[in-house]
Structures are given as C-alpha cells and as structure tokens.
Amino acid sequence: MDFEIENGILKKYHGDEETITIPDSVCKIGNRAFSYCQLKSIVVPDRITELGSEVFYECGNLQSVTLGRNITKLGDYSFLRCQALEHLELPEGLEEVALSAFLECYSLSKAWVNGIEYRLTDSNAPKPVKLVLDSIMYGKQKVEDYYNSGAMDEFEYIDYCIAGDGYSI
C-alpha cells in the first residue's frame, strides 16, 4: 500500500505515480504527506477539509491541482517549491491560505474558481485567488526583509513580479 493513513489523516504517500486517487478513508492530508513526490497532477476530493503544512513540499513535477469544494484551509508552505505548478483550481469557500503557501511557485500566474480563470493580480478576483496572491507576495517580502536586516552576508535573489502570462524577471 502506497498510503500511510492514521485516524483519517493521510500521513505519507510512498508511491511514485504521476497521478493518484486518494483513498475514501482520508478526511485530512497531514504535514509533508506528498513531499518530494513525482506527482504531475492531483484532484483533492470534496471529503477533505484541510491541507497541513508543506503537504506538496518540493514536488517539482506538480503542474495541476484541483482542490475539493470543502477545503477551507491551506497550511504553511503547502506548495513550497512546486515550480511547475501552473493550474490551480480553488474552492469558493477557501477561507485561509497560510503565509508562504505558494512560495517559489514561479509558474503560477492564474487560478480558477468555479471554472472561471483569474489572473492572480485581477482586482475583481474572488477571495480564494486574492489569498493565493497574498501568500506569494508575503513570501517575497519575507526574504527581502531577512536580507535587509543584515542577517546574511551574501545573498542572491532573483526578483520577480506577477505580470503577463507568468513571472517575469
């Protein structure tokens, strides 16, 4: 079995498939459950309500994520360094996106809610899309603040902004 599940919480995925089906017994995805996996796309079922911290940490091949309609919270650094992530479908009821949840997701410039595409910078975008943008911008600011505080002797940071069809340098 590729899934380690305890009391309805998916603790760890041990497989190497590019697409999977999450077992019906799962109601929450725990911290780092899919970290470093080879997934290219995932659909998180409606029965799941929360993603823990660093759930998809360093999933460099992950391109597409569809979150079930009952997801209300994305934990800290949920998608940290998912640099190939381009397609993100968000539930309308998403209430909390932890800071830096999408840090270093350089390919992400758009998100979908109820089948409608929004650029992350669209001022008319619904709350879930704005929460994702806030998460990205907070991560950028946090790195800049750390550098400016003198906590690092040397630092190379490639600045990026969300514009056009994606990130520009």
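Below, the structure is looked at part by part. (Residues numbered from 1 in each chain as written. Predicted model: local features only at pLDDT ≥ 70, side-chain atom pairs only at ≥ 80, totals over all residues. Heavy atoms only, no water.)

Attention shifts here to the overall build of the protein. Scanning the protein from terminus to terminus reveals one helix and 13 strands. The burial tally for the protein puts 42% of its 169 residues in the buried class. For the protein, the proportion of contacts with a sequence separation of at least 24, taken over those separated by at least 6, is 26%. Working note: accessible area of the protein is about 8,800 Å², and carbon and sulfur atoms make up 44% of it. (Helix = DSSP H or I, 4+ residues; strand = E, 2+ residues; numbered from the N terminus. Buried < 20%, exposed > 50% of the residue type's maximum accessible area, 1.4 Å probe, protein only. Contact = heavy atoms within 4.5 Å. Areas by Shrake-Rupley, 256 points an atom, 1.4 Å probe, with all protein chains shown as cover.)

Let us look at the pairing of strand E10 (residues 110–113). As paired strands, strand E8 (residues 87–90) and E10 are joined by two bridges and run parallel to one another. Within E10, the position partnered with Leu 90 by the bridge is Val 113. By the bridge criterion, four bridges tie E10 to strand E11 (residues 116–119) in an arrangement that is antiparallel. Across the sheet, Lys 110 pairs through a bridge with Arg 119, a residue of E11. The hairpin turn running from E10 into E11, its antiparallel successor, is two residues long, and Asn 114 in that turn takes a positive phi close to 50 degrees. (Pairing = 2+ DSSP bridges.)

Moving on: the pattern of salt bridges. The full count for this structure, using the stated rule, is eight salt bridges. Between Glu 95 and Lys 127 there is a salt bridge whose closest N-O contact spans 2.8 Å. Of the two residues, Glu 95 is situated in the loop between E8 and strand E9 (96–97) and Lys 127 in helix H1 (residues 127–148); the sequence distance between them amounts to 32 residues. You can call Glu 95 partly exposed: its relative accessible area is 46%. Given the relative accessible area of 44%, Lys 127 is considered partly exposed. One network of salt bridges, with partners in common, ties together Glu 58, Arg 81 and Glu 104. (Salt bridge = Lys/Arg side-chain N within 4 Å of Asp/Glu carboxyl O.)

As enumerated under the stated definition, the model contains six aromatic pairs in all. Aromatic pair Tyr 13 and Phe 34: ring centres 5.5 Å apart, planes at 40 degrees, arrangement tilted. Here Tyr 13 is found in strand E2 (residues 9–13), whereas its partner Phe 34 is found in the loop between strand E3 (28–29) and strand E4 (41–43), with 21 residues between them in sequence. The class of Tyr 13 is buried, set by a relative accessible area of 4%. (Phe/Tyr/Trp six-rings, centres within 6.5 Å; stacked < 30°, edge-to-face > 60°.)

This part is about the sheet that holds E3. Pairing in this open sheet of six strands is mixed, and the strands run E1-E2-E3-E5-E7-E9 from one edge to the other. Lying at the two open borders of the sheet, with one neighbouring strand each, are strand E1 (3–6) and E9. Of the pairings in the sheet, the one linking strand E5 (residues 50–51) to strand E7 (residues 73–74) comprises two bridges and is parallel in character. By the bridge assignment, Leu 51 is partnered in E7 with Leu 74.

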